[in-house]
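What follows is the residue order along each chain.
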Amino acid sequence: MAKRFSITRYAKAMSDYIPYGRQDINQEDIDAVIEVLRSDWITQGPAIDRFEQAVANYCGVKYAVAVSSATAALHIACLAADLGQGDILWTSPNTFVASANCGLYCGAKVDFVDINPNTYNLSVNELESKLAEAEKQGCLPKILIPVHFAGQSCEMEQIATLSQRYGFKIIEDASHAIGGSYQRKSIGSCQFSDMAVFSFHPVKIITTAEGGMVLTNYEELYQRLIRLRSHGITRNPDLMQGESHGSWYYEQLELGFNYRMTDIQAALGASQLQRLDEFVERRRFFANRYNQLLQNLPLMLPWQHPDSESSWHLYVIRLKLDKINKTHRQVFEELRSTGIGVNLHYIPVHIQPYYQKFGFKLGYFPQVEKYYQEAISIPLYYSLAEETQNKVVTLFQEILL
Ligand SMILES: *Cc1c(COP(=O)(O)O)cnc(C)c1O
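Because the structure is a prediction, the values reported are computed rather than measured. (Residues numbered from 1 in each chain as written. Predicted model: local features only at pLDDT ≥ 70, side-chain atom pairs only at ≥ 80, totals over all residues. Heavy atoms only, no water.)

Re the overall build of the protein
For the protein, the count of helices and strands is 14 helices and 15 strands. Against the 2.2 N^0.38 benchmark of 21 Å for 401 residues, the protein shows a C-alpha radius of gyration of 22 Å, consistent with a compact globule. On the principal axes, the C-alpha backbone points of the protein span a range of 75 × 60 × 45 Å. Of all 401 residues assigned to the protein, the portion counted as buried reaches 54%. A separation threshold of at least 6 residues defines the contact pool for the protein, and within that pool the share at least 24 residues apart is 73%. Surface exposure of the protein reaches about 18900 Å², of which carbon and sulfur atoms provide 49%. (Helix = DSSP H or I, 4+ residues; strand = E, 2+ residues; numbered from the N terminus. Rg over C-alpha atoms; globule rule 2.2 N^0.38 Å. Buried < 20%, exposed > 50% of the residue type's maximum accessible area, 1.4 Å probe, protein only. Contact = heavy atoms within 4.5 Å. Areas by Shrake-Rupley, 256 points an atom, 1.4 Å probe, with all protein chains shown as cover.)

Have a look at this one:
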């Protein structure tokens, strides 16, 4: 009896709980998955090709490689760009750990570029001065991973200019940003980068449950990515080093992985992609609504760069702590205890214990550290109702004023 009571209470609590983000799966999505389950292919098959083609068309990029997660996508993107021992990778400290870990997987060193306090993306000014210093010291990065935080593009044109001057490659971590654009081109077009990576985790813009993708305009990188996601093996006779022994023959040419996506996931992804514009439009609507409803509170609201149209993966506010009689932690915990699933994106990667082992310390990247003491992500997702949003705003007012 006691157990049943607690389950009921849990269900009640969950139904009142407003998460910071969640997926939206409709009947067409479900039908698309069922169709694959009834077909002959459930692992990597025709649905993968269709999904890759559809994303590539949407983004205006030549090649797309679907994989099991964005983490896997970042890993093989780094390998395809020849990142290895003795090399250096730079990224933003305001990101999920995966954007930095991919460098470590390859045996490279990882370092960070502090953020722009308005966009929360890596600062181009910081990047420029850090590059000049690194050139003097002889420790320039081989790869830069700009992260399009919350769905807003980094200043890619300026970053690309610096990459030409200093010779590093660019892999965009666009995990938040499918459906967004930069200078009126879809994020993922790779106009200013070598590769771009999407995540299809359920909290992101569209989902395949788990899943990710690498996009590129370079055929050579594409062939390498295809190989790396499947054990380093090729079945294409044109790419083999020796003669084929027969129609069963394949060759392993390098050390790869099993990072494949299933057709079940790809069918879900392709179905979700058809709703992408609708998803983003709705997110934009709620973001604009928050901008209106929160404007008189002691908060710093998200600032948008004129070159970028965000996909609005996250709506992040910063507390103006000098105008509030509570600490950041108090405000956060009070919001959570009233059933608002706030979150904090992100704990700066360099202060993670694992990264401190490499010598990083609190104080190294002051802008992101200050941001971390003020930021809160509040609920934003496709199916958020206006009523629910009003409730979030009211509770927020009560806590702050
Ligand atoms: C979610 C996320 C990832 C990792 O994505 P997975 O698909 O879960 O592996 C990487 N980078 C950023 C910025 C993310 O938000």
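Regarding the confidence of the model for the protein
Taken residue by residue, the protein gives an average pLDDT of 95. The fraction at 70 or more is 96%. Every residue in residues 1-12 is under pLDDT 50, and counting partners more than four places away or in other chains gives zero contacts. (pLDDT = per-residue confidence, 0-100.)

Regarding the packing of aromatic side chains
Throughout the structure, instances matching the rule amount to 21 aromatic pairs. Plain terms: the ring middles of F257 and Y259 are 4.9 Å apart, the flat faces sit at 10° to each other, and that makes the pair stacked. By relative accessible area, F257 is classed as partly exposed at 24%. Each ring, one from Y290 and one from Y315, has its centre 4.8 Å from the other, and the planes form 40°; the classification is tilted. Of this pair, Y290 sits in helix 10 (residues 276-293) while Y315 sits in strand 14 (residues 315-319), placing them 25 residues apart in sequence. Among the aromatic residues, those joined into a cluster by ring pairs are F112, Y354, Y355, F358, F360, Y364 and F365. (Phe/Tyr/Trp six-rings, centres within 6.5 Å; stacked < 30°, edge-to-face > 60°.)

Side note on the pattern of salt bridges
Inspection of every chain in the model, using the stated rule, returns 15 salt bridges. Ionic pairing is found between E254 and R224, a salt bridge with its closest N-O pair at 2.8 Å. Of this pair, E254 sits in the loop between strand 11 (251-252) and helix 9 (263-273) while R224 sits in helix 8 (residues 219-228), placing them 30 residues apart in sequence. Look at the salt bridges and you will find they share partners, linking D82, R224, R227 and E254 into a network. (Salt bridge = Lys/Arg side-chain N within 4 Å of Asp/Glu carboxyl O.)

Considerations on unusual backbone geometry
Keep in mind that most residues, glycine aside, have a negative phi and that most peptide bonds are trans. Of note, the amide linkage connecting H345 to Y346 takes the cis form, showing an omega dihedral of 5°. In this fold, Y346 is placed in the loop between helix 11 (328-337) and helix 12 (353-356). Non-glycine residue Q183 carries a positive phi angle of around 50°. Even without being glycine, H231 reaches a positive phi, approximately 65°. Tracing the backbone shows H231 in the loop between helix 8 and strand 10 (233-234). With relative accessibility at 35%, the residue H231 sits in the partly exposed group.

Focus on the sheet that holds strand 12 (residues 299-300)
Taken together, three strands build an open sheet; the order of strands is 12-14-15 and the sheet is antiparallel. Bordering the open sheet on either side are strand 12 and strand 15 (375-378), each of which pairs with just one other strand. With four bridges joining them, strand 14 and strand 15 adopt antiparallel strand pairing. Each residue of the ladder has a partner; that of Y315, found in strand 15, is I378. Along the sheet face, helix 11 touches strand 14 and strand 15 and points at about 15° away from the line of strand 15. (Pairing = 2+ DSSP bridges. Axes fitted to C-alpha atoms, helices over the stretch in contact; angles between N-to-C directions.)

Concerning the packing of helix 4 (residues 70-80) against helix 5 (residues 98-105)
Here helix 4 crosses helix 5 at 40°, and the two axes come no closer than 9 Å. With respect to their mutual orientation, helix 4 and helix 5 come out oblique. In this structure, the crossing between helix 4 and helix 5 has a hand that is right-handed. Across the interface between the two elements, T71, L74, H75 and C78 from helix 4 touch A98, S99, C102 and Y105 from helix 5. Residues of the contact of helix 4 with helix 5, tallied by class, amount to five nonpolar, three polar and no charged. (Parallel < 35°, antiparallel > 145°, perpendicular 65-115°, else oblique. Left-handed = near helix turned anticlockwise from the far one by under 90°. Nonpolar A, V, L, I, M, F, W, Y, C, P; charged D, E, K, R; others polar.)

Notes on the sheet that holds strand 13 (residues 308-309)
What holds strands together in a sheet is hydrogen bonding between their backbones, with the strands either parallel or antiparallel. Pairing is antiparallel in the open sheet, where three strands are placed in the order 7-6-13. In this open sheet, the two edge strands, each paired with only one partner strand, are strand 7 (185-186) and strand 13. Bridging between strand 6 (residues 181-182) and strand 7 involves two bridges; their strand directions are antiparallel. Within the sheet, the bridge partner assigned to S181 lies in strand 7 and is S186.

Observations concerning a nonpolar patch on the surface
Taken together, I25, I30 and I34 make up a surface patch of nonpolar side chains, about 210 Å² in accessible area. Here I34 lies in helix 2 (residues 27-37). Since its relative accessible area comes to 31%, I34 is described here as partly exposed. (Patch = residues over 30% accessible without salt bridge, like charges linked within 9 Å, V, L, I, M, F, W, Y side chains within 5 Å.)

A short note on the site of the ligand
For the ligand, the set of nearby residues contains 15 residues, the closest of which are T71, D173, H176, S199 and K204. Note that a nitrogen atom of the ligand is positioned 3.4 Å from one of the side-chain N or O atoms of S175. In this structure, an oxygen atom belonging to the ligand sits 2.7 Å away from a side-chain N or O atom of H176. Contact with the protein chains removes 93% of the 380 Å² of surface that the ligand exposes when unbound. (Near = heavy atom within 4 Å. Polar contact = N/O pair within 3.5 Å; in protein donor to acceptor, adjacent residues only side chain to side chain.)

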